[in-house]
Amino acid sequence: NGHWERSSFYLALMDAGCQGTCMILDENLHPFGRSWCLFELLMSIMKREGAAVGVHGMLSSTSEILFCTSSGILNRGEASVEVSLNIGRRASHVRLE
């Protein structure tokens with residue numbers, strides 16, 4: 001019926017087989033301007049922290065949330081300094097209103 005807890009994205013993220021979430025970041029941080037990307041990120045954080053309510057109740061997970069760039073995975077220190085600094089500059093101006 002259109003409820004977000006029945007969406008294919010939510011169900012996939014909350015599935016016990018889901019081992020992590022990967023957000024592909026470009027230098028303009030376009031995913032942070034997309035509500036569905038932010039929803040997926042929030043649900044992934046909540047799942048990791050054990051706060052997400054899934055179809056079968058509370059779920060907790062040790063799943064990773066990876067921020068991937070054209071030069072590597074940001075939160076593993078693999079992204080180039082240039083890409084990392086540019087993302088940092090862009091992130092300082094992101095407005096979540």
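Right above here is the structure, for reference.
All residue numbers here refer to positions counted from 1 along the written sequence of the relevant chain. Only residues with pLDDT of at least 70 get local features here, since the model is predicted, and only at 80 or more are side-chain atom pairs given and counted; chain-wide, interface and lining totals rely on the full set of residues. The side-chain quantities take in all heavy atoms of the structure and omit both hydrogens and water.

*Asks:* Teacher, can you tell me more about the packing of aromatic side chains here?
*Replies:* Think of a pair of aromatic rings as described by two things: how far the centres are apart, and how the planes are tilted against each other in angle. Stacked, tilted and edge-to-face are the three classes assigned to paired rings of Phe, Tyr and Trp, where Trp is represented by its six-membered ring and a pair needs centres within 6.5 Å; plane angles under 30 degrees give stacked, over 60 edge-to-face, the rest tilted. One pass over the structure, following the stated rule, counts five aromatic pairs. Ring centres of Phe9 and Trp36 lie 5.5 Å apart, and the angle between their planes is 65°; this geometry places the pair in the edge-to-face category. Of the two residues, Phe9 is situated in helix H1 (residues 8-14) and Trp36 in helix H2 (residues 35-48); the sequence distance between them amounts to 27 residues. Since its relative accessible area comes to 33%, Trp36 is described here as partly exposed. Each residue in the set Trp4, Phe9, Tyr10, Trp36 and Phe39 is aromatic and connected to the rest through ring pairs, giving one cluster. Under the DSSP-based scheme used, a helix requires at least four consecutive residues in state H or I and a strand at least two consecutive residues in state E, with every element numbered from the N terminus. Residue burial is assigned from relative accessible area. The probe radius is 1.4 Å, only protein chains are included, and a residue is buried under 20% of its type maximum, exposed over 50%, and partly exposed in between.

*Asks:* What is the right way to look at the side chain of Thr21 in this model?
*Replies:* Locating Thr21 in the fold gives a position in strand S1 (residues 20-24). Take Thr21: its relative accessible area is 16%, and that puts it in the buried class. Any pair of N or O atoms that falls within 3.5 Å is considered a polar contact. Within protein, one atom must be able to donate a hydrogen and the other to accept it, and sequence-neighbouring residues count only if both atoms are side-chain atoms. At 2.6 Å, the side chain of Thr21 forms a polar contact with the side chain of Ser44. Residues are treated as being in contact if the distance between any of their heavy atoms lies within 4.5 Å. Those residues in contact with Thr21, other than ones at most four positions away along the chain, are Leu13, Ser44, Glu64, Ile65 and Leu66.

*Asks:* What is the right way to read the nonpolar core from this model?
*Replies:* Nonpolar side chains in soluble globular proteins generally cluster together in the buried interior. In this structure, Met23, Leu25, Leu29, Cys37, Leu41, Ile65, Phe67, Val83 and Ile87 together form the largest nonpolar core, which totals nine residues. Of all the elements in the fold, those that place two or more residues in this core are H2, strand S4 (64-69) and helix H3 (81-91). The contacts of Leu29, once residues within four sequence positions are left out, are Ile87, Arg90, Ala91 and Val94. Core analysis: the next-biggest nonpolar cluster, separate from the first, contains five residues, Tyr10, Met14, Phe39 and Met43 among them. Note on terminology: a nonpolar core comprises buried Ala, Val, Leu, Ile, Met, Phe, Trp, Tyr and Cys residues joined through side-chain atoms within 4.5 Å.

*Asks:* Explanation requested: the pairing of S4 in the structure shown.
*Replies:* If a strand is regular, its side chains alternate between the two faces of the sheet. Among the six residues of S4, five are classified as buried, and the element is accordingly described as predominantly covered. Any two strands with at least two DSSP-identified bridges between them are counted as paired. As defined by bridge partners, S1 adjoins S4 across five bridges and the pair is classed as parallel. Residue pairing in the sheet places Ile24 in a bridge with Cys68 of S4. Joining the antiparallel neighbours S4 and strand S5 (residues 72-73) is a turn of two residues.

*Asks:* Before we go on, may I ask you to explain the sheet that holds S1 in this structure?
*Replies:* What links the strands of a sheet is backbone hydrogen bonding, and the strands pair in either a parallel or an antiparallel sense. The sheet built from three strands is open, its strands ordered S1-S4-S5 with mixed pairing. On the outer flanks of this sheet lie S1 and S5, each paired with one strand and no other. Two elements, S4 and S5, share two bridges in a ladder whose sense is antiparallel. In the sheet register, Cys68 faces S5, and the bridge partner there is Ile73. Along the sheet face, H2 touches S1 and S4 and points at about 145° away from the line of S4. A fitted line through C-alpha atoms serves as each axis, taken over the contacting stretch for helices, and the angle formed by two N-to-C directions is quoted from 0 to 180°.

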